[in-house]
Amino acid sequence: AQWGDLDRQLDTLHPDAVGISAMTAQFSDAREVIGHIRRRHEQVPRIIVGGYHASALPQEALAAGADSVVVGEAEFALRELLRSPAEFGPVIKARPVMDLDQLPDIAMQDIRPFVERSGGGGEKGFYVLTGRGCPYACNFCLGQEQRVPGLRFHSMDRVFGFLCRLHQTFGLDY
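Rules behind the numbers
- Residues numbered from 1 in each chain as written.
- Predicted model: local features only at pLDDT ≥ 70, side-chain atom pairs only at ≥ 80, totals over all residues.
- Heavy atoms only, no water.
- Helix = DSSP H or I, 4+ residues; strand = E, 2+ residues; numbered from the N terminus.
- Contact = heavy atoms within 4.5 Å.
- Buried < 20%, exposed > 50% of the residue type's maximum accessible area, 1.4 Å probe, protein only.
- Polar contact = N/O pair within 3.5 Å; in protein donor to acceptor, adjacent residues only side chain to side chain.
- Axes fitted to C-alpha atoms, helices over the stretch in contact; angles between N-to-C directions.
- Parallel < 35°, antiparallel > 145°, perpendicular 65-115°, else oblique.
- Left-handed = near helix turned anticlockwise from the far one by under 90°.
- Nonpolar A, V, L, I, M, F, W, Y, C, P; charged D, E, K, R; others polar.
- Salt bridge = Lys/Arg side-chain N within 4 Å of Asp/Glu carboxyl O.

### Some remarks on the side chain of histidine 36
Now for step 1: On the secondary structure map, histidine 36 appears in helix H2 (residues 27-40).
Now for step 2: Excluding its chain neighbours within four sequence positions, the residues that come into contact with histidine 36 are Trp3, Leu6, Asp7 and His41.

### Comments concerning the environment of arginine 38
Now for step 1: For arginine 38, the position within the fold is in helix H2.
Now for step 2: A relative accessible area of 31% means that arginine 38 is categorised as partly exposed.
Now for step 3: Taking the C-alpha atoms as reference points, arginine 38 and alanine 66, separated by 28 residues in sequence, lie 9.5 Å from one another.
Now for step 4: Once residues lying within four places of it in the same chain are set aside, the contact partners of arginine 38 are Val44, Ile47, Gly65, Ala66 and Asp67.

### Observations concerning the side chain of serine 68
Now for step 1: Inspection of the secondary structure puts serine 68 in strand S3 (residues 68-71).
Now for step 2: Overall, the relative accessible area of 0% leaves serine 68 in the buried class.
Now for step 3: Among the polar contacts made by the side chain of serine 68, one reaches the side chain of arginine 46 at a distance of 2.7 Å.

### Observations concerning the packing of helix H1 (residues 4-13) against H2
Now for step 1: H2 packs onto H1 with a crossing angle of 50° between their chain directions and a minimal axis gap of 12 Å. When the interaxial angle is binned, H1 and H2 end up oblique. In the crossing of H1 with H2, the sense of the turn from one axis to the other is right-handed. The segment H1 lies against H2, with Leu6, Asp7, Leu10 and Asp11 engaging Val33, His36, Ile37 and Arg40.
Now for step 2: In the contact of H1 with H2, the residues fall into four nonpolar, one polar and three charged.

### Quick notes on the pattern of salt bridges
Now for step 1: Per the counting criterion, the structure on display carries 12 salt bridges.
Now for step 2: Across the pair glutamate 60 and arginine 31 runs a salt bridge whose closest N-O atoms are separated by 2.9 Å. Of this pair, glutamate 60 sits in helix H4 (residues 58-63) while arginine 31 sits in helix H2, and the two are 29 residues apart along the sequence.
Now for step 3: Between aspartate 67 and arginine 38 there is a salt bridge; the shortest N-O distance is 2.7 Å. Within this pair, whereas aspartate 67 is found in the loop between H4 and S3, its partner arginine 38 is found in helix H2, the two being separated by 29 residues in sequence.
Now for step 4: Salt bridges sharing partners connect three or more residues here, namely Glu73, Glu75, Arg132 and Arg152.

This is the structure we're talking about:
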């Protein structure tokens with residue numbers, strides 16, 4: 001029963017690849033998902049793993065059964081990997097996205113399942129990430145070679161437009 005939705009999606013869509021992103025606290029779940037796909041869906045040709053944990057420990061993601069690991073911000077690297085998989089090894093080091101407005105907009109139908117009702121008042125809300133990065137240089141955080149210095153933000157026009165679309169589509173309160 002716990003795999004029902006995943007199994008239906010994979011049996012219906014027959015994807016060329018499955019992508020999994022996980023932080024360290026979620027990685028044991030990601031390992032389970034990889035194992036399940038390997039056992040039940042041999043027709044899936046490629047499992048690609050990314051996220052903070054895989055970026056910090058790519059060999060662990062490969063040992064869990066991933067075919068490829070994208071280290072860093074995967075949006076553009078993933079597109080290239082899917083277009084030309086033979087050109088890449090198992091670990092792909094992605095270049096950071098410096099101009100966040102280059103990223104495609106999130107489709108409203110992809111957001112629908114994540115719109116939340118919070119508290120007893122029934123207000124609807126959605127978390128919006130308007131930037132990336134960190135102003136600090138902690139030694140314990142992903143290592144110097146993976147860290148993008150400073151902060152990067154979407155433009156105010158992009159953020160405001162997205163917030164307006166969220167409000168128009170879902171009637172969000174916050």
